[in-house]
Amino acid sequence: MNKTVNIEGIDKDIKAILMPYLAVNSETATRGERNGEAFLLDYFNGIPYFQENKEYFGRHAIPDDALGRAVCWAVVKGRGDDTVILLHHYDVVGVEDFKTMHDLAFQPDLLKQELVQIAGELQPEAREDLLSGEYLFGRGTADMKGGGAIQLALLKRYSEEADFKGNVILISLPDEENLSAGMRAAVDLLIELKNRFGLKYVYAFNSEPHQRKEKRKGLLSEGSVGKMLAFVYARGFLSHVGKVFEGFNPLSVLSEIVTRTEISPSFLDIVGGEAAPPPTWLYLRDNKENYDVSMPLSAGGCISILTLDSNPTEILNVLKQISLDSFESVIRRIKESYSIFCNSSGRKLEPLPWNPSVITFDELLKEAYQSHGEIFTAAYRSKMHEAGQKVKAGEINLMESSFLLVDFVYNYISDLSPRVVLGFVPPYYPNVSNLLLKDRSEREKNLSTELSDYCNQKYGQEYEREYYYTGISDMSYFALKDSGKIKEELSHNMPLYGEIYSIPLEGIEELSMPCMNIGPWGKDFHKLTERVCKLDLYERTPDLLNRAVLIMLDQK
Ligand SMILES: [Zn+2]
């Protein structure tokens, strides 16, 4: 039976949802996110279907969350088990960029008036888009209450269908722009709902905005890049600046590693003709607190690495090899310099004691345990708890707390020769792509082509398919392979794992389902000129997303 869902006039619904949704200030990692939750529950409460079926929507509290946030969900139950998930996040990034226009960031009409006044100061493309009237400006318009409003409007339409085939779950999350606490909690929620309502998940759709390489071509993403934050801790050997050859400056080896890894192709991950953007360093500093004439004892940095198929173990191996090469090269340089120094000053050339040494955080822990046993374990546990509490209280960040723990472990290490220690800092985003899923049905495989053809015929608008959304998204938590192996790596080499950060890895592997991002065309996310294309927002994207949902629920 061919069946369609009437989405006529949905543009008005979307607008009516979006304006108040935008007006709710739900800046990420603030108490404001709770306002987003209140808005959503209010919205569900106002729909007759949910008034009659109160058990079909609710909030799922994020366990142990300092801000008391929750994931909001609603399910339209139709015939059969097949279920499609619509996912979006309700947090938005801060509005520092808006300077004196903070208050207008969440009110597109007023913001527009104000932007027109300073149009001359905007980038040419932003100015042109502003004056064309074809774009809606404001924080969250593109990223991603625009896509969220489309999903909310569609859900209401599905709830009004008398004989709907399949089920649709809408999940709206906080904290996407931060540590994805919302999505990590949503994994448990999805498993719970699946069991409670006897659902079978067939597909997940996210509606983050897409960016275009070509103006005429939209983008459908069948996956999302993975992201890891690796740390490199360099331990030196302290010496007075007048006796440099008696010491080992950790900055020398750390900076060599930075030079060799920053935007380095060594981590290049290629899948289906797509490549992950190369890595970049997000943090770098020594542990010196005051000026004196000694070298710093240790230094550390964090490098963000995007992946398409690599897992944490593989990344750590690459980083280990580069670190070892860097260490060797630094020692070689020191020896050369030392030899020139001795020759020119008539000193006797003594052999220098330095040897390259690179270990993982796990190996460092084992070493400490070997010399101090349970005394160390107990002390470390309590220190880890203390570090976690400090992070929760906002006193230190995740990177600082990781280094604090490495420094602490060093109190129990007897071999104090220079070394490099490697590990991970939260958060971790697994890479995900339909291309890597096994046993895909023809319908799944053809979905993006079918959607592109549909849109081309109806709107003269083409869509390209990519296998990875490079903007980092919560789709990362929709599929996983080798969860056991990844868990082992993270629990051993991510100092804070299990204390204040964890990922339901087995749950994600259990859920593993295909996913696609279908969102409106947006520009300048996170900036003052964030905007979304109105034609996509009100017409094309809801039509396309509706089509995709109905295809996957076998209604087209
Ligand atoms: Zn987003």
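Residues numbered from 1 in each chain as written. Predicted model: local features only at pLDDT ≥ 70, side-chain atom pairs only at ≥ 80, totals over all residues. Heavy atoms only, no water.

### Focus: the overall build of the protein chain
Heads up, the rule is: Helix and strand labels come from DSSP, where a helix needs a run of H or I of at least four residues and a strand needs a run of E of at least two; each type is numbered from the N terminus. We compute the radius of gyration over the C-alpha atoms and compare it with the globule rule, which gives 2.2 Å times the number of residues raised to the power 0.38. When accessible area is computed with a 1.4 Å probe and restricted to protein chains, residues below 20% of their type maximum are described as buried, those above 50% as exposed, and intermediate ones as partly exposed. We call two residues in contact whenever any of their non-hydrogen atoms come within 4.5 Å of each other. We get accessible surface area from the Shrake-Rupley algorithm with a probe of 1.4 Å; when it comes to residues, only the shown protein chains can shield them.
The number of helices and strands found in the protein chain is 15 helices and 20 strands. Relative to its length of 556 residues, the protein chain is compact, with a C-alpha radius of gyration of 26 Å against a globular reference of 24 Å. Dimensions of the protein chain, computed from the C-alpha atoms along their principal axes, are close to 90 × 55 × 40 Å. Within the span of the protein chain, comprising 556 residues, buried residues form 58% of the whole. Of all intrachain contacts in the protein chain linking residues separated by at least 6 positions in sequence, the fraction that spans at least 24 positions is 80%. Accessible area for the protein chain stands at about 23,300 Å²; split by element, carbon and sulfur atoms hold 49% of it.

### What about the coordination of the zinc ion?
Put simply, the rule is: Distances up to 2.8 Å from the metal define which N, O and S atoms are donors, and 3.2 Å serves for Na, K and Ca; water is absent from the atom set, so sites may look incomplete. Think of it this way: with four donors and all angles in the 85 to 135 degree range, the site is tetrahedral; with four or six donors, opposite ones beyond 155 degrees and the rest between 65 and 115, it is square planar or octahedral; otherwise it is irregular.
Protein-derived ligands of the zinc ion are H89 (NE2), D143 (OD), E208 (OE) and E208 (OE), with the metal-ligand distances lying across 1.8 to 2.6 Å. Taken together, the four donor atoms coordinating the zinc ion span angles of 54 to 148° at the metal, a pattern that classifies the geometry as irregular. Each donor residue of the zinc ion lies on the same chain, and together they follow the pattern H-x53-D-x64-E. Of this pair, H89 sits in strand β3 (residues 79-89) while E208 sits in the loop between β6 (200-206) and β7 (217-221), and the two are 119 residues apart along the sequence. Under the relative-accessibility criterion, H89 is labelled buried at 1%.

### Focus: unusual backbone geometry
Omega for the bond connecting D143 with M144 falls within 30 degrees of zero, at -10°, which places this linkage in the cis form. You can see M144 is positioned in helix α6 (residues 141-159). Each neighbour pair has its own omega, and for P426 with P427 the value is 0°, a cis peptide bond. Turning to its location among the elements, P427 is positioned in strand β15 (residues 419-429). Positive phi is not limited to glycine here, since K99 has a value of about 45°. Positive phi outside glycine occurs at H526, with the angle close to 70°. Assessed through its relative accessible area of 37%, H526 is described here as partly exposed.

### A look at the sheet that holds strand β9 (residues 226-235)
As a reminder, the rule being used: Strands pair, by our definition, only if DSSP identifies at least two bridges between them. Each axis is a line fitted through C-alpha atoms, taken for helices only over the stretch in contact, and angles between the N-to-C directions span 0 to 180 degrees.
Judged by pairing direction, the sheet is mixed, and its five strands sit side by side in the order β12-β13-β9-β15-β14 without closing on themselves. Edge positions in the open sheet fall to β12 (280-286) and β14 (358-360), since each of these has one partner strand only. Adjacent strand axes in the sheet meet at a mean angle of 20°, parallel and antiparallel pairs treated alike. The pairing of β9 with strand β13 (residues 298-307) spans ten bridges and is classified as antiparallel. Across the sheet, V232 pairs through a bridge with G301, a residue of β13.

### Thoughts on the packing of helix α2 (residues 33-45) against α6
Operational definition: Each angle gets one of four labels, with under 35 degrees taken as roughly parallel, over 145 as roughly antiparallel, 65 to 115 as roughly perpendicular, and the rest as oblique. Should the near helix be turned anticlockwise from the far one by less than a right angle, the crossing is left-handed, and should it be turned clockwise, the crossing is right-handed.
α6 packs onto α2 with a crossing angle of 20° between their chain directions and a minimal axis gap of 11 Å. One element, α2, and the other, α6, form an angle in the roughly parallel class. Classified by chirality, the crossing of α6 by α2 is right-handed. On α6, the residues touching L40, Y43 and F44 of α2 are L152, A153, L155 and K156.

### As for the nonpolar core
What counts here: We call a set of buried Ala, Val, Leu, Ile, Met, Phe, Trp, Tyr and Cys residues a nonpolar core when their side-chain atoms join them within 4.5 Å.
The biggest cluster of nonpolar side chains holds 133 residues, and the ones touching the most others in it are F44, F50, I171, F205 and F478. When near neighbours in sequence (up to four residues on either side) are disregarded, F50 contacts F44, Y56, F57, A74, V75, V76 and L155. Formed by 30 residues, the second largest nonpolar core is a distinct cluster that contains C302, M399, F403 and V409.

### Details of the state of the cysteines
Quick note on the threshold: Our working definition of a disulfide is a cysteine sulfur pair at a distance within 2.5 Å.
Applying the stated rule across the entire model yields zero disulfides. Between C515, a cysteine without a disulfide, and C455, which holds the nearest cysteine sulfur, the sulfur-to-sulfur distance is 20 Å.

### Describing the pairing of β3
Direction of pairing for β3 relative to strand β5 (residues 165-173): parallel, over a ladder of eight bridges. If you follow L86 over to β5, its bridge partner there is L170.

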